[in-house]
Each structure stands twice: as C-alpha cells, then as structure tokens.
Amino acid sequence: MAGLFDKQADLYLDGRPTYPARWYSMLADHTLHHSLAWDVGTGNGQAALGVAEHYEQVIGTDVSEAQLKHSLTHPRVRYFHTPLSMSDDEIISLIGGENSVDLVTVAQAVHWFDLPKFYSLVARLLRKPGGLLAVWCYNDAVVSPAFDSAFKRFHDSTLPFWHPNVQFIFEGYKRLPFPFESVGLGSEGKPLELDIPKEMSFDGFLKMISSWSAVVTAKEQGVDLLSQSVIEELETVWGGSKLVRSVIYKAFMLAGKVKL
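Residues numbered from 1 in each chain as written. Predicted model: local features only at pLDDT ≥ 70, side-chain atom pairs only at ≥ 80, totals over all residues. Heavy atoms only, no water.

Enquirer: How do you make sense of the pairing of strand E1 (residues 36-40) when you look at a structure like this?
Expert: Along any regular strand, the residues point their side chains to alternate faces of the sheet. Where burial is concerned, most of E1 is hidden: 5 out of the 5 residues are buried. Here E1 shows two buried faces, one formed by Leu36, Trp38 and Val40 and the other by Ala37 and Asp39. Bridge count for E1 against strand E2 (residues 57-62) is 5 bridges, and the pairing is parallel. Bridge pairing links Leu36 to Gln57 in E2. Handedness of the crossover joining E1 and E2 through helix H3 (residues 46-51): right-handed. (Buried < 20%, exposed > 50% of the residue type's maximum accessible area, 1.4 Å probe, protein only. Helix = DSSP H or I, 4+ residues; strand = E, 2+ residues; numbered from the N terminus. Pairing = 2+ DSSP bridges. Right-handed = clockwise from strand over helix to strand, strands pointing away.)

Enquirer: What's the story with the environment of Ser144 in this structure? I'm lost.
Expert: One can find Ser144 in the loop between strand E5 (132-142) and helix H7 (145-158). Each C-alpha atom of the pair Ser144 and Val247 lies 8.6 Å from the other, and the pair is 103 residues apart in sequence. In terms of polar contacts, Ser144 uses its side chain to reach the backbone amide nitrogen of Phe147, at 3.2 Å. (Polar contact = N/O pair within 3.5 Å; in protein donor to acceptor, adjacent residues only side chain to side chain.)

Enquirer: Looking at this model, I keep getting lost on the UniProt feature "domain: Methyltransferase type" (unreviewed entry) in the chain. Mind explaining?
Expert: Per the UniProt annotation, the sites labelled "domain: Methyltransferase type" (unreviewed entry) are residues 39-134. Between the C-alpha atoms that bound residues 39-134 there is a distance of 10 Å. The span itself is 30% helix and 22% strand. (UniProt positions renumbered as here; feature names shortened; annotations may be inferred.)

Enquirer: I would appreciate a short explanation of the side chain of Thr31 in the present structure.
Expert: When you line up the elements, Thr31 lands in the loop between helix H2 (21-28) and E1. Its relative accessible area of 5% is what places Thr31 among the buried residues. For Thr31, the side chain forms a polar contact with the main-chain oxygen of His33, separated by 3.1 Å. Polar side-chain contacts of Thr31 include one of 3.3 Å to the side chain of His34. Those residues in contact with Thr31 that lie beyond four places of it in its chain are Tyr55, Asp102, Leu103, Gly130 and Leu132. (Contact = heavy atoms within 4.5 Å.)

Enquirer: Explain the environment of Pro83 here, please?
Expert: Here Pro83 is to be found in the loop between strand E3 (77-81) and helix H5 (88-95). For the pair Pro83 and Pro17, spaced 66 residues apart in sequence, the C-alpha separation works out to 26 Å.

Enquirer: Would you mind showing me how to read the packing of aromatic side chains here?
Expert: Aromatic rings considered in pairs are described by the distance between their centres and by the relative angle of their planes. Within the structure shown, the criterion is met by 23 aromatic pairs. Ring centres of Phe113 and Phe118 lie 4.9 Å apart, and the angle between their planes is 70 degrees; this geometry places the pair in the edge-to-face category. Judged by relative accessible area, Phe113 falls into the partly exposed class, the value being 23%. By relative accessible area, which is 6% here, Phe118 ends up buried. Both rings, one in Phe151 and one in Phe154, keep their centres 6.0 Å apart while their planes meet at 35 degrees; by these two values the pair is tilted. Pair noted here: Phe151 and Phe154 are both in helix H7, with a separation of 3 residues, about one helical turn. No difference in accessibility class separates Phe151 from Phe154, as the two residues are buried. (Phe/Tyr/Trp six-rings, centres within 6.5 Å; stacked < 30°, edge-to-face > 60°.)

Structure, rendered in structure tokens:
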C-alpha cells in the first residue's frame, strides 16, 4: 500500500508505541547466527534499531520515501527505498543474496504485503538452517474502564474507513497465512499474545490515533472523526491533556523458520 501512510509520516515517530527490548532478545535467541537482519516496511526504523542491538548489520526497507525521511540513525542500520517496481532478484541482491539473512522482521506491516510473493522472497533470503521470520502487530489499547469505553465508541466510528487488509489486525493475525515452521513464538492460527506497556500523556495518545490511516482517509472524504467534541470527551475521561497514564497495547506475533 505505497503512499497510504505518507501523509501522516511525521506523526508516526512521536505517536507509536515502542516495542519492548526483550522481544528482540527473544528473537535473537532463536537464530543460529547474528550477522545480517532485514526489517521490512521499516517506516521510521523503530524495529530496525531494536534488531541492531543483536545483529552486526541491519537493512531497513520501505516502499514509502516519506516514511524513510523520518528514519532513526544507527551505525549498524542502513535504509533503502524499495519501490514496488523492484524485482525479487533486485531486492535479493540489495539485501545480501540468497541464504544470507539471519532474521527478517515486519512490524505492523505484513498485512499490506502480497503474501505469497513476500513469503517466497523470504524463503530465498533466509539462512537455512537457522534463519527466522517474525511478524507482529498490535490492535488495542487498555487504559481504564472509563477511557476504554469512550475509546471503543471512537474506534467503532473509524470502521468504515479502514482498508480491508486491516481486518487481519483486528483479528490479531489469527487468520493471517503464515506457512513457516513454528519455533514456539506463535504459529499460523495461534499467534503469541504479548503486551506493549507505555507511559504517555493524552497529547501523545492523540498523536497516535491521529496517525491512523482511517482517520486520514475519513478526513479526505470530508469526515472529521477527531472533532473537537470527540477529543474533549476522550481527554476528559483520560484525566487531562498532560496527565501521564499507563497504556497497555495488545500485540500478537508469529515467528517461524523455512520448512525444509
């Protein structure tokens, strides 16, 4: 979905939750080598930086040049724009060749991909044995009973404006095809359930939901889902714009190796 997130790229860096460091340690423990990792749909590079703590070299790629302009720098991370026009062979050459990658990660993005094409590419790139593909998403935020109730009403108002592929997220990747051998970190039909804790103010939370593609799409169609009255209702049950609260994002992971 090239271009879908370009307009709100500047909001992603501030508004999105940070994936826990232990996730990357957990994934690194399941790869035999730690030379090269590929973070696909890298966006601003948040996951790429986490992976870089465990791998000698990380390549982050994205179809969106706008997202890559906000990428976070790290001495072991390199970013590349990979337009949809690039062939599989060109991508394989860019990343490092067949049977060269120890870990492939996709954070909050694989549901947008042409899955058969992507999985075929991953199977060629992953080191065998020992290479690992891990994909994950988050789909809900838990704050307090009062806020959660008001937030559900807002979320329900966004439903007509989401792309159909987002249904995979709403279902917690339970129906996402994933033809890889399980390593105990979620498998096809049975994703691993995880929590992402984050301390944030209402202003930070508002930035996050403002970056939703459904909110942007609705606005382009003349519908303001985050009207002043909606914002005021959410802010009131939060407890004020500057109050910092504990938020738990509900996340889901699938990880596996190429079936030999």
